[in-house]
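Listed below are the residues making up each chain.
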Amino acid sequence: MNSGIFIQTIIGGLGIGSLYALIALGYSMVYRSMGLVNFAQGSIYMVGTYFGIIWYAGIVVGLRVPYPVALLIGILLNAMLGVVLERIFRPLAKLDLMFMLLGTIGLGFVLNNLFVIIFGAEGFAVKSPLPDTPIIVLGIRVLPQMLLLIGGAAALMTALQIFLKRGKLGVAMRASAMDHDIASAMGIPVNRMNALTLAIGSALAAAAGILAAPIVYVNPAMGSAIGLKGFAAAILGGFGSIPGAIVGGLLFGVLEAVSSGYISSSYTRGIAFIIMVLVLMIKPTGIVGETTVEKV
Amino acid sequence: MDDRTVTDQATRKRFGAKTALLGAAGCVLLLFPLVAPNAYQVHIINTAGIYILISLGLNIAMGFAGQYNLAMGPLWGVGAYTAALLNTRLGIPLWLNLPASMVAAGLVGGIVGLPSMKVRSHYLAIVTIGLGEVINIVLVNAQGLTGGPDGISRIRMPTLFGFPLDSDKRYYYVILLAVVVGFLFARRILRHRVGRSFRAIRDDYQAAKAMGVNTAYYQILAFVVSAVYAGAAGALYAHLDTYISPDIFDFNSSLFILTMTLVGGMGSLVGSIVGALALPILQEYLRVIKNWQLVGYGVAIMVVVLFVPGGTMELVRRFRSSRLAGRLWARNPASGKVRVGETDVP
Amino acid sequence: MFLEIESLTMQFGGIYALKEVSLAVEQGEIHGLIGPNGSGKTTTFNVVSGYYKPTSGSIRFEGAGITGLPAHKITAAGFARTFQNLRLFSSMTVLDNVLVGMGHHAKTGLWREILNPAAVRREESRFVGDAIHLLELFGIAGLADHPATGLSYGEQRRVEIARALATKPKILLLDEPAAGLNEVESDELRGTLKSIRDSGVTILLIEHDMKLVMGVCDVITVLDYGRKIAEGPCESVSGDPVVIEAYLGKEDEP
């Protein structure tokens, strides 16, 4: 086995894995704070990508802004979308899982098709702001954009950790997620904390989409497969756990890359799912999830 | 005349009305292909009939037994591919492929259901989605067997004693029979012990165990039964459309089936019929406004979920218990009395 | 010995919920299981009825080992239980709730349902008759067709016990059946428990209502912090200084 190619495969896996991780974070954070399984997360990721990338690619009246500016615009607009969504999710979060599932799927449907109407079903490729030629170090070839994706995701995740652990707002958010009643008794506005959570989750998804846009292809259907894999990654790591989402996302990406590189590229998607199922059979709460005893 | 006789008379009257209604419905159903303006409309109804079967299956698993089987689309595909392969490779007709497809899908469905012994709720949902994806990936990639993304074409429509059932109008009767049998079968198995065990598991898994319900067995059984329905629907679909490809049986088709079942009414067999008729027909006739139609479809799902989670059948129930209906309907005076052998399976 | 629990230990992530608890229940007695909150009473039930696999120890019933069997097999062996929080099947009528309990005595399965509907119907009407009879004993036959969760709290408690009895158990495990009942209902419950025992069903009873416990139990076992601290007839246990300390010590805490 060529170790250079192996490392190259792992880096590719980490790249796509950090994309999954950022989306998995959205699932897990919202589940933690609202108890809602948000199947529209894939669509939110797609919307966020468009929110940013259209300015960079000059889709709207030929207006073009630099890539970092487009990234910021996308993140901000999608965070605002998250705040709006909190209103829709509030009644959904009180329902059975089956209805949550369908309600959020319905929302995803609306978003996907609105974007088809606005931007058309066929997508477009985005040119990387960085050079297109791979960097070659010790025989390992990596696209600069891939490094930007990995680095950007790492920075965002670190920032999120610091915000949740140190920031006053972050601590309030965690308290609110732990127990709504106690939190509101302590004067923490639970609904606003949920809105903030959704805003952060959506912002992360937008960042993921805009960072990955030059590598993947941008179209209104881009969120469905990745949304599903982000969910699988969140479950694999331990649903509702923030480190779990990161570990699950990276692991899912690496598994995919390794199985496509070394086993079979056409069965890639399947192998990652099968491993997820096997992990859950051995440890139903996921890798990082605590082993809980079901209350009888 | 005591209360008892009054009750009996009322029951008899209702029974008579019911028979008349059923008879009329039967006539309409039998005559439909003859009066339908064109074959295309019969085709739409045939497709809806196939969806009714899948939706009945999903309803048994999810509406009654509470098991998230989100692999119904791919399981439908297992049935369709089994029939298509047996027909195109070995020349076996629909009548033999139908049971073969049911067995094949049932077996795969049992495997998809195995994790239900370990994981529940959203974990089970993603596990079944994942296994469904695996099935779909196999259909796409096992080119030698399945023909890959191109699918399988030239599946032959069946003949009956030399009489070819080679048009939508003729095939309609095959589907009608399958739907009637499928519906009655579901009603029968849900009526007594099996149905009660299913609902006990859905309502309270732990308490069901304490009542001696073999939860693992019934969970797997729910998956197998739902997959058998999907398998039958697959065979019927393959022989009707004569061409199948893997993209028909992906996760989106699972979602479509889930949606129609919910719109009709989870936990109501009649709801499955209503939902599976309504959605494909609506989809067909609203095709002109393509994407706005899909937006409306999404909004409709959200409205149903938020305001009438029981689906259409809940609307019917609400109407029946409303005052207006009280005047129209002679309410059964015996409600509140135990009816032997009758449960609330609709 | 009828039910014999030997040095049962149950550990949850390093914490002992039960430690070396041994317990023997004689056939035909009402055996009380008491102790402060968190002393391991419900855990004992959950282990015995097959919900948790014990860390160590053994359970024998009528001479056969039943340790670690799945819950439905424990029920088949002759156990039935109720839950601390009411756990009726919420979408079902009172009658259906009871019928679920009868299910494991049924021959009806999927195949018989299809192939021999007449036999299934006969069996069903026999079960319905039995179920109605059972409900009559509890004075709730008139509610048979009502949704179970629409009943009053006391009525729901009765449905739960009737449902447990529908499995035709040899031993009934009741987890705080008097919780939430008023004085009158609690007195009725005492009579009910005695008549259940007199019909030949042994009872293992968790209860905080001491008046009820002292009124019906033949033997009492006291748990504290997952260990057995006392056992014996009511009088001897209630005067035991260790038991008094366990309860009073508990109350001293804020």
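Cut-offs used in this document
- Residues numbered from 1 in each chain as written.
- Chains lettered and ligands numbered in written order.
- Predicted model: local features only at pLDDT ≥ 70, side-chain atom pairs only at ≥ 80, totals over all residues.
- Heavy atoms only, no water.
- Helix = DSSP H or I, 4+ residues; strand = E, 2+ residues; numbered from the N terminus.
- Rg over C-alpha atoms; globule rule 2.2 N^0.38 Å.
- Buried < 20%, exposed > 50% of the residue type's maximum accessible area, 1.4 Å probe, protein only.
- Contact = heavy atoms within 4.5 Å.
- Areas by Shrake-Rupley, 256 points an atom, 1.4 Å probe, with all protein chains shown as cover.
- Lys, Arg positive; Asp, Glu negative; His and termini not counted.
- Charge placed at Lys NZ, Arg CZ, Asp CG, Glu CD.
- Polar contact = N/O pair within 3.5 Å; in protein donor to acceptor, adjacent residues only side chain to side chain.
- Nonpolar A, V, L, I, M, F, W, Y, C, P; charged D, E, K, R; others polar.
- Pairing = 2+ DSSP bridges.
- Disulfide = S-S within 2.5 Å.
- 1 Å grid on protein atoms, 1.4 Å probe; cavity = no way out; pocket = protein on both sides within 12 Å on 5 of 7 lines; lining within 4 Å.
- Points joined across faces, edges and corners; volume = space filled by probe spheres on them.
- Phe/Tyr/Trp six-rings, centres within 6.5 Å; stacked < 30°, edge-to-face > 60°.
- pLDDT = per-residue confidence, 0-100.
- Salt bridge = Lys/Arg side-chain N within 4 Å of Asp/Glu carboxyl O.
- Patch = residues over 30% accessible without salt bridge, like charges linked within 9 Å, V, L, I, M, F, W, Y side chains within 5 Å.
- Axes fitted to C-alpha atoms, helices over the stretch in contact; angles between N-to-C directions.
- Parallel < 35°, antiparallel > 145°, perpendicular 65-115°, else oblique.
- Left-handed = near helix turned anticlockwise from the far one by under 90°.

Participant: Mind showing me how you'd approach the overall build of chain A here?
Facilitator: Along its length, chain A carries 11 helices and 2 strands. Put simply, chain A runs from its N terminus to its C terminus through helices and strands in the order α-α-α-α-β-β-α-α-α-α-α-α-α. Relative to the globule expectation of 19 Å for 296 residues, the C-alpha radius of gyration of chain A, 19 Å, shows essentially globular dimensions. Each principal axis of the C-alpha atoms in chain A carries an extent, and together these give about 60 × 50 × 35 Å. Taken over 296 residues, chain A has a buried fraction of 55%. A fraction of 73% describes how many contacts in chain A between residues 6 or more apart in sequence connect residues 24 or more apart. Here chain A displays about 12,300 Å² of accessible surface, and carbon together with sulfur accounts for 70% of that area. Here chain A contributes 16 positive and 9 negative side-chain charges, whose respective centroids are spaced 8 Å apart.

Participant: Looking at this structure, I do not really get the interface of chain B and chain A. What am I missing?
Facilitator: Note: interface size is frequently given as the accessible area lost on complex formation between the parts. Residue-level contacts link 42 residues of chain B with 43 residues of chain A. Between the two partners, chain B and chain A, sit 2 residue pairs in polar contact (both at pLDDT 80 or more). Of all the secondary-structure elements, those providing two or more residues to the side of chain B that touches chain A are helix 5 (121-141), helix 11 (251-264) and helix 13 (290-307) of chain B. In terms of residues, the side of chain B that touches chain A owes the most to one element, helix 5 of chain B, which gives 14 residues. Looking at side-chain class alone, the side of chain B that touches chain A contains 30 nonpolar, 9 polar and 3 charged residues.

Participant: Hey, could you run me through the pairing of strand 1 (residues 3-12) of chain C in this one?
Facilitator: Looking along a regular strand, one sees the side chains alternate between the two faces of the sheet. All names here are of chain C. Judged from the 7 bridges that link them, strand 1 and strand 2 (residues 15-25) form a sheet pairing that is antiparallel. Directly across from M10, in strand 2, lies its bridge partner L18. Where strand 1 folds back on strand 2, the antiparallel hairpin that results is connected by 2 residues, among which G13 adopts a positive phi of roughly 45 degrees. As defined by bridge partners, strand 1 adjoins strand 4 (residues 56-61) across 5 bridges and the pair is classed as antiparallel. Bridging from a neighbouring strand, E4 pairs with R60 of strand 4.

Participant: How should I be thinking about the state of the cysteines in this particular structure?
Facilitator: Note on terminology: a disulfide is the covalent bond linking the sulfur atoms of two cysteines. Summed over all chains, the structure comprises 0 disulfides over all chains. Left without a disulfide partner, C217(C) is nearest to the cysteine sulfur of C234(C), which lies 5.9 Å away.

Participant: Looking at this structure, how should I read the side chain of R197(C)?
Facilitator: Relative to the elements of secondary structure, R197(C) occurs in helix 7 (residues 183-198). Apart from the residues lying within four places of it in its own chain, the contact partners of R197(C) are G28(C), E29(C), I30(C), I203(C), V216(C) and D218(C).

Participant: Teacher, can you tell me more about empty space enclosed by the protein here?
Facilitator: Empty space left among the atoms is revealed by rolling a probe the size of a water molecule over them. Residues and elements named next belong to chain A. In the structure shown here, the tally under the stated rule is 3 cavities of 30 Å³ or more. By volume, the largest cavity amounts to about 80 Å³. Residue lining of the largest cavity: M29, R32, S33, L164, M173, R174, A177, T197 and I242, and that is the complete set. Of all the secondary structure elements, the ones that give two or more residues to the lining of the largest cavity are helix 1 (3-34) and helix 6 (168-178). Partitioning the lining of the largest cavity into residue classes produces 5 nonpolar, 2 polar and 2 charged.

Participant: What is the right way to look at the packing of aromatic side chains in this model?
Facilitator: Two aromatic rings, taken as a pair, are described by how far apart their centres are and by the angle between their planes. All names here are of chain A. Per the counting criterion, the structure on display carries 28 aromatic pairs over all chains. Ring geometry for F231 versus F239: centroids 5.3 Å apart, planes at 85 degrees, classification edge-to-face. Given a relative accessible area of 0%, F231 falls into the buried group. Residue classification places F239 among the buried positions, given a relative accessible area of 9%.

Participant: Help me understand the confidence of the model for chain C, please; the structure alone is not making it clear to me.
Facilitator: Close inspection of predicted coordinates is inappropriate for parts of the model with low pLDDT. All names here are of chain C. Averaged over every residue, the pLDDT of chain C is 91; residues scoring 70 or more account for 97%. Strand 8 (residues 202-206) holds the highest mean pLDDT among the elements of chain C, 97, whereas helix 10 (residues 241-252) holds the lowest, 72. The ipTM value of the predicted complex is 0.91, and its pTM value is 0.89.

Participant: Before we go on, may I ask you to explain the pattern of salt bridges in this structure?
Facilitator: If the charged atoms of two oppositely charged side chains come close together, the side chains can form a pair. All names here are of chain C. Evaluated as defined, the whole model comprises 18 salt bridges over all chains. When the shortest N-O distance is used, the salt bridge between R190 and D187 registers 3.6 Å. Within this pair, R190 and its partner D187 are both found in helix 7, separated by 3 residues, close to a single helical turn. By relative accessible area, which is 24% here, R190 ends up partly exposed. Salt bridges linked by common partners bring E183, D187, R190 and K211 together as one network.

Participant: Looking at this model, I keep getting lost on a nonpolar patch on the surface. Mind explaining?
Facilitator: Residues and elements named next belong to chain A. There is a patch of nonpolar side chains on the surface, built from I5, F6, I7, Y262 and I263 and spanning about 450 Å² of accessible area. In terms of residue count, helix 1 provides more of the nonpolar patch than any other element does, 3 residues in total. The residue F6 is located in helix 1 in this model.

Participant: Whenever I open this one, the sheet that holds strand 3 (residues 30-34) of chain C confuses me. Can you help?
Facilitator: Strand pairing in a sheet relies on backbone hydrogen bonds. The paired strands run either parallel or antiparallel. All names here are of chain C. The strand order across the open sheet built from 6 strands is 6-7-8-3-9-10, with neighbouring strands paired in mixed fashion. Looking at the sheet topology across the chains shown, the edges are occupied by strand 6 (79-81) and strand 10 (227-232). Taken over all neighbouring pairs, the strand axes of this sheet differ in orientation by 20 degrees on average, direction set aside. The pairing of strand 6 with strand 7 (residues 171-175) spans 3 bridges and is classified as parallel. Note on strand 7: the bridge partner recorded for R81 is L173. Packed on one face of the sheet, helix 1 (residues 41-48) meets strand 3, strand 6, strand 7, strand 8 and strand 9 (219-224) and runs near 145 degrees to strand 7. In this fold helix 6 (residues 153-166) packs onto strand 6 and strand 7, with an angle of close to 155 degrees to the strand it touches most, strand 7.

Participant: Mind showing me how you'd approach the packing of helix 3 (residues 94-102) of chain C against helix 6 of chain C here?
Facilitator: Any two packed helices are characterised by how steeply their axes cross, that is the angle between the axes, and by the distance between the axes. Residue and element names in this part refer to chain C. Running from N to C, helix 3 and helix 6 point in directions that differ by 30 degrees, and their axes come no closer than 7 Å. When the axis of helix 3 is compared with that of helix 6, the two are roughly parallel. Classified by chirality, the crossing of helix 6 by helix 3 is right-handed. Side by side, helix 3 and helix 6 meet where V94, N97, V98, G101 and M102 of the first sit next to V159, R163 and A166 of the second. Partitioning the contact of helix 3 with helix 6 into residue classes produces 5 nonpolar, 2 polar and 1 charged.

Participant: I keep staring at the confidence of the model for chain A and nothing clicks. Help me out?
Facilitator: Across chain A, the average pLDDT comes to 90, with 97% of residues at 70 or higher. For chain A, per-element mean pLDDT is lowest for helix 11 (residues 268-282) of chain A, which scores 84, and highest for helix 2 (residues 41-57) of chain A, which scores 96.

Participant: Would you mind going over the sheet that holds strand 5 (residues 64-65) of chain C with me for this structure?
Facilitator: All names here are of chain C. Pairing in this open sheet of 4 strands is antiparallel, and the strands run 2-1-4-5 from one edge to the other. Pairing within the sheet leaves two strands with one partner each, and these edge strands are strand 2 and strand 5. Set on the sheet, helix 1 makes contact with strand 1, strand 2 and strand 4; between it and strand 1 the angle comes to about 110 degrees.

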